[in-house]
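Summary of the model geometry
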Amino acid sequence: MAYRGNKSEDDEISYWLSYSDMMAALLLVFVLIISFTMLQSKKLYEQKEEELASQQQIVAEQQMLVAEQQAVMEMQQEQLDKLIGIRSEVVESLRDEFEDTNLKVSVDAKTGAITFDAGVLFDYGAYELKSEGEAFLKEFLPRYFHILLDSEYKEYIGEVIIEGHTDTQGSYITNLELSQKRAYAVAAFCLADESNVLPTMDIHALRKLVTANGRSYSNPIYHEDGTVNMEASRRVEVKFRLKDEDMIDELLTIISE
């Protein structure tokens, strides 16, 4: 009887030991599952953190780009306003200079281009300056270039263009040659080595700026009825361009769109 009792106790002990081992194994599995789940959650969290940080960096870069573009636009607008203001001031100064003179010149209120009748300077079909034309230029050119070479404007002037224009009679090439020679005659009159129309310092400065162009009859003047005004078309124009004139025109086009 004693032997059977011991076997029952041993079986019971073995059962509980097996049960304990099973529970320990289950606990270990549970711990492993929890650990794996926490590890996966941590990895997912870190991944999301990295994605968020990357997105924040992209947003910051975009904001920086927008800020830079805005700064550039503000700078361009400021520069545009300044250059438009300079051009307006030059035009106004030219209009004031020639408003109350006996010189028969026309100053464009928008561009500052000055136009005068070629008949004042040249005989019909000729390109040599008349004595009357030389007297005209001796009065006109110093006053004109005095404005453009003023300390307030000089650094902004990029080019001075002397243009010759003809009427529509004759061939284009013949008129092109005539208009070119007339523009050249005006330029040579004030910029040649023997010229005494302008101070030497001004001559040297203007040689870097002045160009002489012949336009033939590519830009005639018309009467109100649409016919060509032959007399008005025979003319010489003197224009100036600012150093950033192309940028001004481009920005004005962008702004107006």
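Figured I'd write up the structure that's included with this text. All figures in this text were calculated on a predicted structure; none of them were measured in a lab. (Residues numbered from 1 in each chain as written. Predicted model: local features only at pLDDT ≥ 70, side-chain atom pairs only at ≥ 80, totals over all residues. Heavy atoms only, no water.)

**Structural notes on the overall build of the chain**
To keep it simple, the criterion reads: Strands are runs of DSSP state E lasting at least two residues, helices are runs of H or I lasting at least four, and both sets are numbered from the N terminus onward. Here the term buried applies to any residue with accessible area under 20% of the maximum for its type, exposed to any over 50%, and partly exposed to those in between, with areas from a 1.4 Å probe on protein chains only.
Counting its regular elements, the chain contains 7 helices and 5 strands. Helices and strands appear in the chain in the N-to-C order α-β-β-α-α-β-α-α-β-α-β-α. Counting over 257 residues, the chain shows a buried share of 30%.

**Looking at the layout of surface pockets**
Rolling a probe over the atoms, with the probe sized like a water molecule, indicates the empty space that remains. Under the convention used in this document: Residues are said to line a cavity or pocket when one of their atoms sits within 4 Å of a point; the points come from a 1 Å grid over protein atoms alone, cavities being sets where a 1.4 Å probe fits but cannot get out and pockets being open sets with protein on both sides within 12 Å along at least five of seven lines. Grid points are joined across faces, edges and corners, and a volume is the space filled by probe spheres set on the points.
Approximately 240 Å³ is the volume found for the largest pocket. The wall of the largest pocket is formed by 10 residues, among which Arg87, Thr111, Phe240, Arg241 and Glu245 lie closest to the centre. Here the lining of the largest pocket gets 3 residues from one element, more than from any other, and that element is strand S5 (residues 235-242).

**Re the packing of aromatic side chains**
The line we're drawing: When the centres of two rings from Phe, Tyr and Trp lie within 6.5 Å, Trp using its six-membered ring, the rings pair. Their planes under 30 degrees apart give stacked, over 60 give edge-to-face, and anything left gives tilted.
Enumeration according to the criterion identifies 7 aromatic pairs in this entry. Aromatic pair phenylalanine 140 and tyrosine 144: ring centres 5.5 Å apart, planes at 25°, arrangement stacked. With phenylalanine 140 and tyrosine 144 both in helix H3 (residues 131-148) and 4 residues apart, the pair spans about one turn of that helix. Comparing phenylalanine 140 with tyrosine 144, the two get one shared label, buried. Arranged with centres 5.6 Å apart and planes meeting at 80°, the rings of tyrosine 172 and tyrosine 217 form a pair that is edge-to-face. Separated by 45 residues along the polypeptide, tyrosine 172 in helix H4 (residues 172-191) and tyrosine 217 in the loop between strand S4 (210-214) and helix H6 (230-233) bring together distant segments of the chain. Judged by relative accessible area, which is 25%, tyrosine 217 ranks as partly exposed. Taken together through their ring pairs, the aromatic side chains of Phe98, Phe116, Phe136, Phe140, Tyr144 and Phe145 make up a single cluster.

**Thoughts on H4**
Put simply, the rule reads: Given the number of residues in a helix, its expected span is that number minus one, multiplied by 1.5 Å. Any pair of residues with heavy atoms lying within 4.5 Å of one another is described as a contacting pair.
The terminal C-alpha atoms of H4, which comprises 20 residues, lie 28 Å apart, in line with the 28 Å expected from a rise of 1.5 Å per residue. Those residues of H4 that fall on the buried side of the exposure criterion are Asn175, Leu178, Ser179, Arg182, Ala183, Ala185, Val186, Ala187, Phe189, Cys190 and Leu191. In this structure, the buried residues of H4 make contact with helix H2 (118-121), H3, strand S3 (157-165), helix H5 (200-206) and S4.

Without other data, these values stay purely geometric and don't point to any function.
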